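Fold and geometry: a report
Here is how the chains run, residue by residue.
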Amino acid sequence: MKTYMTAFLAIAIGAGAVSCSKDFLNRGSKVVFDDNNFWTSENNVKSYCWEFYNLFTGYGTGTNGDFYFTTFTDDQAARSMDLFPVTAPAANSHWDYTYIRKANLLLERVPQMQMLSGEAAAHYLGVARFFRAFEYANLVRHFGDVPYIDEYLDQSNVEAIYAPRMPREAVVDSIMADLQFAAENLRTIERNRALGDVNMLSSEVALAYMGRVALYEGTYARYVGNDEVAATALLKKAEEASQQIVGKGMFTLTPVYHELYGSLDLSKNPEVLLYKSYVSGILTHSVIGYTNSSTMMDGLTKDAVDSFLCSDGLPISLSPMYAGDETIFQMLSGRDLRLVQSVGDELAYIGNPNEKGFTSSTGYIITKFNNPSLGASEILAPNNPTDAPIFWLAEVMLNWAEASAELGTLTQSTLDATVNLLRERGGVAPLLLASIPDDPLRDPDVTPLLWEIRRERRSELIMDGFREWDIRRWGKLEYLNPAVKPDIFKGARIVAASGSTYTLPDGLTVDSGGYILPYGAAAGRTVEVPKNYLDAIPTGQLTLYNIKGVDFPQNPGW
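Residues numbered from 1 in each chain as written. Predicted model: local features only at pLDDT ≥ 70, side-chain atom pairs only at ≥ 80, totals over all residues. Heavy atoms only, no water.

Quick look at the pairing of strand β4 (residues 388-392) now. Taking burial as the measure, the 5 residues of β4 include 5 buried ones, the bulk of the element. Of the pairings in the sheet, the one linking strand β1 (residues 272-276) to β4 comprises 4 bridges and is antiparallel in character. By the bridge assignment, Lys 276 is partnered in β4 with Ala 388. (Buried < 20%, exposed > 50% of the residue type's maximum accessible area, 1.4 Å probe, protein only. Helix = DSSP H or I, 4+ residues; strand = E, 2+ residues; numbered from the N terminus. Pairing = 2+ DSSP bridges.)

Have a look at this one:
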């Protein structure tokens, strides 16, 4: 049974504090809050902060979730091909300072609230700085250099509002400072629970997010920005923050990989730092609905499936255990359990649906998010009530291992505390520094050790929304080009289809080896560098800045 606070958090996430206040007023309350009489109690401050949790997307509510729907990678083949935009749009939903302004107001008002204890004031200042950092991290990830505003501005202060773009490195420094403050001042998970505030922002979550952002920006600085000084400093922060979480011993891996993604209640899951709670009839999602309906699924690519190890710890190119892919049973035999628990044991494609009428763009049916206990209506979109992890131990472990590998400080003991625990859960032999396999399919620009660390991340976080951004921060957008990696535009193998007597169903295309071609035989994708590493600054914004006389250059290539 989910706790009252967890369910209430779901309401707050779904509706936001403003709509809750509106409902309250509609019931006849005579209280009307404004900026002059709102900041009078900790409960008011807490309710003000609820709206920030909208920023944690989780499974989303429609097709906007971080999981499964983020198909613009080499892991999935969407029903229609994902392409990079050619021209700059007039608007972009990611160019949004709403929550930054909200955080800056909180930072200004909390110090004026004399009724708050010092501990409470520090906590809410930590909340504000965490979410300000959260928003700026997303802005720089999409746009690079952005205006940096760290105070609550009156709308009449046009000169300050239309600030010029600040260099990415300086914005990232401010993000790290905010997250350091949050990690030092937010209440711990234990303290939150003692106050009855379960599943809320905590110092542990701030550390986990610091590790995530520092790893992203550190590797981006190294591989895209060519700034070794910044890269080293950020990677050290990523290593230290992630190590702190793992070293606390507060969290342990859930025994079964799939249980992290198909659970009706993550409140007692030992791996989870923070999750998004979904409750039937209140806040639900569509991930299960879209992987359990007649709508064709966005299946895993051959490139993704082939990247999973065999249980002996070797890639399919080296392992004597690999049985081939003439049937899906052969392909799954002796493989990483994370693959086995993510796809079904039968192929379903155009002209050959499974018994439930399901098909997949690549033939591979997605099962990672399923929960067999759901009722018939709960399986349908948008009625799915399973919880979504937001911050969890596996990702923290991977961040630590990768940061250490990038810094050259990775030890066997670190591997055993991170990657090898994940492999153990997946039924895969440990990775040993003394005998790193050299995969013949390895990108020659990547060392064998880093190749295996990155493979581990891909396998553990498959369809979790990280891969698109991992490819960018590694400076590897060419992985999205089928001319470089042909198997990203291939799916499962239909052996019979490679024979001369096989008649293909209408709409199904295969190559000479019988591999499904989800986009047809001549499909391609244009990748432009450096253009595609950053989104375009929306032309509407450029016009506004130009009107104000502010020099506001467009991103390279746009």
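Both trends apply: most residues other than glycine have a negative phi, and most peptide bonds are in trans. In this structure, Pro 382 follows Ala 381 across a cis peptide bond, with omega equal to 5°. With respect to the helices and strands, Pro 382 occurs in the loop between α14 (376-379) and β4. Following Val 529, the chain continues into Pro 530 via a peptide bond in cis, with omega recorded as 10°. Tracing the backbone shows Pro 530 in the loop between α19 (467-473) and α20 (539-547). Although it is not a glycine, Tyr 68 sits at a positive phi angle of roughly 65°. Locating Tyr 68 in the fold gives a position in the loop between α2 (42-50) and α3 (98-109). Taking relative accessible area as the criterion, Tyr 68 reaches 0% and is therefore assigned buried. Backbone geometry at Asn 199 places phi at a positive 55°, although glycine is not the residue there. Looking at the element boundaries, Asn 199 is found in the loop between α7 (189-194) and α8 (203-223).

Turning our attention to the confidence of the model for the protein. Scored by pLDDT, the protein comes out at a mean of 93, with 94% of its residues at no less than 70. Scored below 50 in pLDDT, residues 1-29 makes 41 contacts in the model with residues more than four places away or belonging to other chains. (pLDDT = per-residue confidence, 0-100. Contact = heavy atoms within 4.5 Å.)

Let us now look at the pattern of salt bridges. Applying the stated criterion to the full structure yields 45 salt bridges. For Asp 74, the salt bridge identified is with Arg 458, shortest N-O distance 3.6 Å. A residue pair is termed long-range when its members are at least 10 positions apart, and Asp 74 in the loop between α2 and α3 and Arg 458 in helix α18 (residues 448-460) qualify at 384 residues. For Asp 74, a relative accessible area of 0% corresponds to the buried category. Between Lys 302 and Asp 306 there is a salt bridge; the shortest N-O distance is 2.7 Å. One end of the pair is Lys 302 and the other is Asp 306, both in helix α11 (residues 302-307) and 4 residues apart, which spans about a single turn. Classification of Asp 306 as buried rests on a relative accessible area of 16%. By sharing partners, the salt bridges in this structure join Glu 271, Asp 336, Arg 338, Arg 423, Arg 425, Asp 439, Glu 452, Arg 455, Glu 456 and Glu 460 into a single network. (Salt bridge = Lys/Arg side-chain N within 4 Å of Asp/Glu carboxyl O.)

It is worth spelling out α3 at this point. With 12 residues, α3 should cover 16 Å at 1.5 Å per step; its first-to-last C-alpha distance of 17 Å lies within 8% of that length. Within α3 the residues assigned to the buried category are Tyr 99, Ile 100, Lys 102, Ala 103, Asn 104, Leu 105, Leu 106, Leu 107 and Arg 109. (Expected span 1.5 Å × (residues − 1).)

Here the focus is the packing of α2 against helix α4 (residues 118-143). Two numbers describe how α2 lies on α4: the axes approach to 11 Å, and their chain directions differ by 15°. The pairing of α2 with α4 is recorded here as roughly parallel in orientation. When you trace α2 past α4, the crossing you get is left-handed. Taking contact as the criterion, the partners of Glu 42, Val 45, Lys 46 and Cys 49 in α2 are, on α4, Ala 120, Tyr 124 and Val 127. Partitioning the contact of α2 with α4 into residue classes produces 5 nonpolar, no polar and 2 charged. (Axes fitted to C-alpha atoms, helices over the stretch in contact; angles between N-to-C directions. Parallel < 35°, antiparallel > 145°, perpendicular 65-115°, else oblique. Left-handed = near helix turned anticlockwise from the far one by under 90°. Nonpolar A, V, L, I, M, F, W, Y, C, P; charged D, E, K, R; others polar.)

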